[in-house]
Amino acid sequence: MMSLPKYFVSCDWGTTNFRLKLVAFDSLEVVRETSSVDGVKRLYQSFLEAKDTNQFDFFKDNLMHQLASFLSENETYPIVASGMISSSIGMYELPYANFPFDSSKESLVTQKLELNNDLKLTLISGIKNKSGVMRGEETQAIGLEDSLKNIPRGILLLPGTHSKHLTFKEGYFTDLKSFMTGELFEVISQKTILSSSIKFAAQKSFDKDEFLRGVQLGLRGKLSSSLFSIRTKHLENSSCVIENYFFLSGLLIGDEIAYLTMKEETIVLACPESLLYLYEVALKSSLEKDRLVVIGNQDFEQAILIGQKNILKYDYNE
């Protein structure tokens, strides 16, 4: 058994973003970090345009370039990566693992790769079932296991561009539902006839009444039939574009969470701070108070580090 490293490099390489963090193994203190918009989708498009290299080498060269400016010459810490890096448009495609899963080695698909003589990379693959797939969220879920251990059964909500709802029971994640809530909001607000009727608004401009009006319509299955009212309202009142922003947010979130009102499980919410308040307001308006558990932003931010650390340990226990 090898001794555990003092530090590790956390790589979160998603569809639209790339993040590196140098993390203290024991305390999970982030020593330094960097990020860019060079997500897998953008880099894959660059690879297709390059036409003079293979996909693995193209992504590897990009990662080595990022690491060269992030680590000093004597910093040869292990790297663990999750997200779309292990997808068909990423560095190295790995097959999906299947439900149910937990943090045990047998539940997951991982791959160790050598970047050079000094740098070793552990890739973490995603999880799938018949109704959905995910890459990256499985690592977050594993990192949240301690927060869930006192809840016998529940549904973990991980909102985002593609929201994931993970059913869990007695220490295992057993099912997945996926929702395109974030992407639908982007498309509807920017690419449809409604785009001129909606204006981006910061949280400080939050219109709770309009948001909850949208939530209630979404809960009642009236998403599609309510959308055109956004344009109608704008034609009658040109100053309502911010109200419409929050109305559309509520409408889509209400549609996503509607089925939860018919469930009995505890609902656990964990997401970035930018989404946390909206989902919390929507869920509190539709669920009994004792059914909702909200995980704070700091614990959510650490979840991926905890998950990556726990998975990296397997390389040192072999």
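Just so it is clear, the structure is predicted and the values come from calculations on it, not from any experiment. (Residues numbered from 1 in each chain as written. Predicted model: local features only at pLDDT ≥ 70, side-chain atom pairs only at ≥ 80, totals over all residues. Heavy atoms only, no water.)

## Some details on helix α6 (residues 208-219)
For clarity, the threshold we go by: A helix here means a DSSP run of H or I that spans at least four residues, while a strand means a run of E at least two residues long, and both kinds are numbered starting from the N terminus. To estimate the expected span of a helix, count its residues, drop one, and scale the result by 1.5 Å. Exposure classes here rest on a 1.4 Å probe applied to the protein chains alone. A residue is buried below 20% of its type maximum, exposed above 50%, and partly exposed in between. To obtain the arc, one takes the directions from the helix axis to the C-beta atoms. Contact definition: two residues touch when any of their heavy atoms are within 4.5 Å.
For α6, with 12 residues, the first-to-last C-alpha span of 16 Å sits near the 16 Å given by 1.5 Å per residue. Along α6, the residues that are buried comprise E210, F211, G214, V215, L217 and G218. Axial view of α6: buried residues confined to an arc of 165°, hence all on one face. Those residues of α6 that are buried are in contact with α7 (223-236), α8 (241-257) and α9 (273-286). Once α6 finishes, G221 follows within two positions and takes phi at roughly 75°, a positive value.

## Quick look at the sheet that holds strand β14 (residues 292-294)
Using the following cut-off: Note on pairing: DSSP must find at least two bridges between two strands before they are called paired. Comment: axis = line fitted to C-alpha atoms, over the contacting stretch for helices; angle = value between 0 and 180 degrees taken between N-to-C directions.
The 5 strands are arranged β12-β11-β10-β13-β14 in an open sheet whose pairing can be described as mixed. Two strands close off the open sheet at either side, each with one partner strand: β12 (172-179) and β14. Recorded for the sheet is a direction-independent mean angle of 20° between the axes of neighbouring strands. Alignment of strand β10 (residues 153-158) against strand β13 (residues 266-269), held across 4 bridges, turns out to be parallel. For L156, the partnering residue across the bridge sits in β13 and is V268.

Purely spatial values, then, with no claim about function.
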